[in-house]
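# Topology and contacts: notes
The lines below spell out each chain.
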Amino acid sequence: MADSSKTKLPFQAEVAQLLHLVTHALYSNKEIFLRELISNASDACDKLRFEALDHPELYEDQPELDVRLTFDKAARTLTLTDKGIGLSRQEAIDNLGTIAKSGTKDFMSKLSGDQKADAQLIGQFGVGFYSGFIVADKISVESRRAGLPADQGVHWVSGGAGDFEVNDITRAERGTSITLHLRDDADEYLNAWKLKQIVGKYSDHISLPILMEKEEWKEGENDQPGDMVKTGEWETVNKANALWSCPKKDISSEQYEEFYKSISHDYEAPLAWSHNRVEGSTEYTQLLYIPAKAPFDLWNRDKGAGVKLYVKRVFIMDDAEALLPSYLRFVKGVIDSADLPLNVSRELLQESRDVKAIREGSTKRVLSMLEDLAKKQKTAPESGEGKIDVVDKNATPAAEAAAEYADESGKYAKFYAEFGAVLKEGLGEDMGNRDRIAKLLRFASSTNDGVSMSFADYKARMKEGQDAIYYITADTLAGARNSPQLEVFKKKGIEVLLMTDRVDEWALNYLTEFDGTPLQSVAKGAVDLGKLQDEAEKKTAEEAAESFKPMLEKLKEVLKDKAEDVRVTTRLVDSPACLVVQDGGMSTQLARMLKQAGQPAPDLKPVLEVNAEHPLVKKLEGSAHFADLANILFDQALLAEGGLPADPAAYVRRVNALLV
Ligand code: ADP
């Protein structure tokens with residue numbers, strides 16, 4: 001069959017890798033392929049409906065949208081046919097041969113080859129169309145894009161290995177038909193009852209009708225066994241009502257969860273959801289979900305938000321950044337407006353007062369969902385004990401309620417571990433809600449394990465006379481915990497919050513106080529413990545500083561290229577020296593991070609603070625190796641906070657010279 005239009009093309013390397021994984025790792029939950037394909041069909045119909053608002057001719061006199069599901073026992077095929085937007089030849093090549101999501105390559109490189117672990121990870125990625133290969137060893141797609149002439153149809157076929165083939169065809173019907181050639185062990189899907197069951201489980205609530213051909217029992221003739229035969233009549237096998245438009249009381253938790261999975265391509269159930277009809281000057285319905293797991297590309301701030309915008313049930317767009325601020329980009333869901341015009345454009349979206357009101361309302365709704373989870377979160381046990389996971393089989397109702405509470409109680413910690421760092425961006429991004437966001441933040445502290453301390457908890461534990469919330473930022477928790485800057489705080493039993501997220505430094509620029517108490521970095525400016533330091537201590541420190549003055553001058557001179565200033569400090573107990581930055585300055589840690597990321601960062605010279613009581617510092621006086629010791633002091637202070645000496649070799653040489 002010579003055909004000049006026939007082209008064989010290789011899959012993008014990442015697709016080939018994904019396909020391999022899909023067929024090997026996702027085997028334990030095969031049936032989700034149907035949800036994924038139906039969800040794609042539903043998106044295709046949504047897109048058509050939207051494009052047809054301006055171009056009604058795209059309906060080609062067939063405005064009815066549905067998906068038809070058929071199977072052929074003899075041929076061992078399963079076919080899904082939609083009347084959606086369809087694919088042009090180029091779209092088939094692009095969309096079914098490559099993955100456009102940015103960061104895919106990085107993501108793929110993280111997969112280990114361990115099937116179980118990878119199956120978990122791949123869930124965060126979403127396999128969509130390619131999940132068909134879980135049950136099929138060949139997939140054939142026939143499609144025609146709405147609006148194109150019949151002779152510009154496309155046939156795409158692949159065995160799911162390294163390549164696929166495309167071919168021009170004539171196709172009268174608009175939309176896409178996907179035929180799965182089932183693997184030998186996928187017989188169960190050649191059964192109407194089984195298919196209906198899967199549709200009911202995963203796709204009951206999408207607004208698109210899913211149709212199957214009715215069957216009836218036919219007795220066998222001449223002693224042959226009877227069988228189900230198709231009648232040629234079609235019946236709708238799902239409820240086909242948009243879930244969010246149903247009354248809450250009619251929707252079960254399972255239905256909410258399945259709906260979430262079908263809009264998010266997530267494999268895990270969400271942590272929480274909120275479903276509301278908002279009335280007033282702007283009317284809309286919101287169904288918002290908090291996922292349990294971060295997607296692989298959470299840190300890509302440019303990716304479209306996970307909330308789909310509908311206007312009176314008509315899908316408008318899912319790149320609805322206008323609907324939620326970027327720091328809530330982990331939220332998934334649907335917003336359906338009763339007020340927006342159907343032909344709303346992206347530009348209009350950004351300016352519309354209704355959209356602004358929706359955005360504000362949805363932001364507040366998400367924050368209150370989080371507050372709710374936080375409220376149910378059990379406060380961290382004082383020590384390691386107290387994990388609630390054993391449930392008595394003979395539980396009384398009260399014990400059952402407690403068990404349920406235990407279930408709810410871990411959710412905020414779970415949420416925070418996945419999305420806490422993103423939420424912090426809100427401090428800089430959403431001034432109006434800054435206080436609410438600040439209340440939702442959790443930290444580790446110098447006297448408490450785990451990331452569970454809120455600012456309010458901290459305040460409640462502050463010492464008599466303490467008038468600031470102390471914190472330190474560092475690359476790692478261990479680095480923060482062992483930082484020399486903490487020494488005096490440890491000695492005095494003052495708790496310090498340990499912040500190790502990359503965004504902390506930036507985000508905290510926007511939060512100078514919490515509930516009237518100023519936030520103070522222990523690594524910035526001169527240490528001022530205020531009333532926490534007694535008069536005698538202050539006096540000793542002042543005297544030490546005075547008598548140390550000549551030495552400071554010498555140190556300043558030797559280190560003038562490295563240190564902005566050298567001064568005596570009371571913040572150190574065991575360490576000889578540490579580095580601090582000027583109040584309001586960028587921390588050395590942030591500057592280092594920016595440089596590593598290839599971003600411009602000011603060349604900051606830190607202040608070297610020395611502990612005049614330390615033997616090493618005392619040794620400086622009259623030392624023949626003054627310059628070497630001074631440099632070692634500085635470089636060690638840098639090492640202690642996770643930095644590297646500017647000239648590591650020189651540092652090693654100096655230390656070695658002293659060791660010998
Ligand atoms: P995703 O749906 O997450 O974008 P998929 O791998 O499921 O990823 O699908 C890739 C693309 O192929 C879709 O974005 C869409 O453009 C196209 N596609 C898939 N199924 C259909 C369909 N039934 N009709 C039209 N286009 C489709």
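One structure accompanies this document, and this report is about it. Keep in mind that what you see is a predicted model, and the values were worked out from it rather than measured. Within each chain, residues carry numbers counting from 1 in the order of the written sequence. Only residues with pLDDT of at least 70 are given local features in this predicted model, and only at 80 or more are side-chain atom pairs given and counted; all residues enter the totals for whole chains, interfaces and linings. Excluding hydrogens and water, the side-chain values take into account all heavy atoms of the structure.

This next bit is on the overall build of the protein. Counting from the N terminus, the helices are the DSSP runs of H or I reaching at least four residues and the strands are the DSSP runs of E reaching at least two. Broken down by element type, the protein carries 22 helices and 23 strands. Dimensions of the protein, computed from C-alpha atoms along their principal axes, come out at roughly 110 × 60 × 55 Å. Summary of the burial criterion: residues with accessible area below 20% of their type's maximum are buried, those above 50% are exposed, and those between are partly exposed, where the area comes from a 1.4 Å probe applied to protein chains only. Residues classed as buried in the protein amount to 48% of the 660 residues present. The contact criterion used is simple: two residues touch if any of their non-hydrogen atoms lie within 4.5 Å. A separation of at least 24 residues holds for 72% of the contacts in the protein among residues at least 6 apart in sequence. Accessible area of the protein: about 32100 Å², with a carbon and sulfur share of 50%. Exposure was quantified through the Shrake-Rupley algorithm and a 1.4 Å probe, taking into account, for residues, occlusion by the shown protein chains and nothing else.

Nearness is defined per residue: one heavy atom within 4 Å of the molecule or strand is enough. By nearness alone, 13 residues border the ligand, and N40, D82, N95, G128 and F129 come closest of all. N40 places a polar side-chain atom, nitrogen or oxygen, 2.8 Å from an oxygen atom of the ligand. For the ligand, whose unbound accessible area comes to 530 Å², protein coverage reaches 79%. Of the residues forming the shell around the ligand, the biggest block, four residues, is contributed by helix α2 (residues 32-54). The nonpolar class holds Ala, Val, Leu, Ile, Met, Phe, Trp, Tyr, Cys and Pro. Asp, Glu, Lys and Arg form the charged class, and all remaining residues, Gly among them, are polar. Residues of the shell around the ligand, tallied by class, amount to six nonpolar, five polar and two charged. Polar contacts, as used here, are pairs of N or O atoms within 3.5 Å; protein pairs need one atom able to donate a hydrogen and one able to accept it. Residues neighboring in sequence count only if both atoms are side-chain atoms.

Next up on the list: the nonpolar core. F415, L423 and F455 are the most contacted members of the largest nonpolar core, which totals 70 residues. The dominant element in this core, judged by the number of residues it contributes, is helix α9 (residues 353-376), at eight residues. Residue contributions to this core reach at least three from each of two domains, namely domain 2 (242-427) and domain 3 (442-659). Here F455 is in contact with A438, L441, F443, I469, L497, M499, L511, F514 and L519, once residues within four sequence places are set aside. Among the nonpolar cores identified, the runner-up in size contains 68 residues, and L69, L111, V166 and I206 belong to it. Note on terminology: a nonpolar core comprises buried Ala, Val, Leu, Ile, Met, Phe, Trp, Tyr and Cys residues joined through side-chain atoms within 4.5 Å. Where each domain starts and ends comes from a domain assignment, either automatic or drawn from a database.

For helix α6 (residues 192-202), every residue scored as buried is listed here: A192, K194, L195, I198, V199 and Y202. Across the axial projection of α6, the buried residues extend over an arc of 165°, all falling on one side. Next to the buried residues of α6 lie α2, β2 (67-72), β3 (77-82), β8 (210-218) and α7 (253-264). Near the N-terminus of α6, the side chain that reaches the backbone nitrogen of W193, with its oxygen 2.8 Å away, is that of N191. The reported arc concerns the directions from the helix axis to the C-beta atoms and nothing else.

On to the environment of S587. By secondary structure assignment, the location of S587 is in the loop between β22 (577-580) and α19 (588-596). Measuring from C-alpha to C-alpha, the distance between S587 and R567 comes to 18 Å, with 20 residues separating the pair along the chain. Excluding anything up to four places from it in sequence, S587 contacts E505, K524, V581 and L604.

The six strands are arranged β16-β15-β18-β17-β20-β19 in an open sheet whose pairing can be described as mixed. Across the chains shown, the open sheet's two edge strands, defined by having one partner strand only, are β16 (448-453) and β19 (513-514). Two strands pair if DSSP finds at least two bridges between them. As paired elements, strand β17 (residues 469-473) and strand β20 (residues 517-521) share three bridges and run parallel to each other. Looking at β20, one finds that Y471 is bridged to S521.

Pairing of aromatic rings covers Phe, Tyr and Trp, the last counted by its six-membered ring, and requires centre-to-centre distances within 6.5 Å; plane angles under 30 degrees mean stacked, over 60 mean edge-to-face, and any other angle means tilted. As enumerated under the stated definition, the model contains 20 aromatic pairs in all. Relative to Y310, the ring of W244 has its centre 4.6 Å away and its plane inclined at 45°; by these criteria the two rings are tilted. Taken as a pair, W244 in the loop between β9 (227-236) and α7 and Y310 in strand β12 (residues 306-311) lie far apart in primary sequence, 66 residues in all. On the accessibility criterion, W244 (5% relative accessible area) is buried. Centroid distance W273 to Y289: 6.2 Å. Interplanar angle 50°. Geometry classified as tilted. Residue W273 is found in strand β10 (residues 272-278), and its partner Y289 is found in strand β11 (residues 284-290); the two are separated by 16 residues along the sequence. An aromatic cluster is defined as three or more aromatic residues linked by ring pairs; in this entry it consists of F11, F129, Y130, W156 and F164. Criterion for a charge above a ring: Arg CZ or Lys NZ at most 6 Å from the ring centre, at most 35 degrees from the ring normal. We note R35 situated over the ring of Y267; from NZ or CZ to the ring centre the distance is 5.6 Å.

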